[in-house]
Amino acid sequence: QVQLLESGGGLVQAGGSLRLSCATSGRTRGTANVAWFRVDPGKDRKFVAAINRSGGSTKFADSVKGRFTISRDNARDMVYLQMNSLKLEDTARYYCAADQGGYHLYVLPQYYAYWGQGTQVTVSS
């Protein structure tokens, strides 16, 4: 059984930074690609960033390129999303998701089988 637990969300002023963490357990170490999605109230999940099994390949949504970075520490079963230069429009609930292993970093949520409960990020002016 794979479990994901996000943390690190909170309230931050525009221009500030936050680091989200995703603790993974189960069969994810070095085997699953992991992504971050975010959800605005009443809207669909939007892809934010993804990292492959080894951590050697990443992908970002255009809206966060140059501001967000994603990394993972397989020894600790952790995935991180460093968010810098936060904007009001980054306000959302952020979810960590893992797939079942593969060679492609998908941006669509249906390719990810496992999801955490999410952590809220609120950016204020």
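From a predicted model like this one, the values you see are computed outputs, not experimental measurements. (Residues numbered from 1 in each chain as written. Predicted model: local features only at pLDDT ≥ 70, side-chain atom pairs only at ≥ 80, totals over all residues. Heavy atoms only, no water.)

Asks: Tell me what's going on with the sheet that holds strand E3 (residues 18–25), and back it up with residues and numbers.
Replies: The antiparallel open sheet is built from 4 strands, whose spatial order is E1-E3-E8-E7. A strand with exactly one partner marks an edge of an open sheet, and here the two such strands are strand E1 (3–7) and strand E7 (68–73). Taking each pair of neighbouring strands and ignoring which way they run, the sheet shows an average axis angle of 15°. (Pairing = 2+ DSSP bridges. Helix = DSSP H or I, 4+ residues; strand = E, 2+ residues; numbered from the N terminus. Axes fitted to C-alpha atoms, helices over the stretch in contact; angles between N-to-C directions.)

Asks: I'd like to hear about the pairing of E1, residue by residue, with values.
Replies: Burial of the side chains of E1 is restricted to one face: Leu4 and Glu6 are buried, whereas none of Gln3, Leu5 and Ser7 on the reverse face is. As paired strands, E1 and E3 are joined by 5 bridges and run antiparallel to one another. Each residue of the ladder has a partner; that of Ser7, found in E3, is Ser21. (Buried < 20%, exposed > 50% of the residue type's maximum accessible area, 1.4 Å probe, protein only.)

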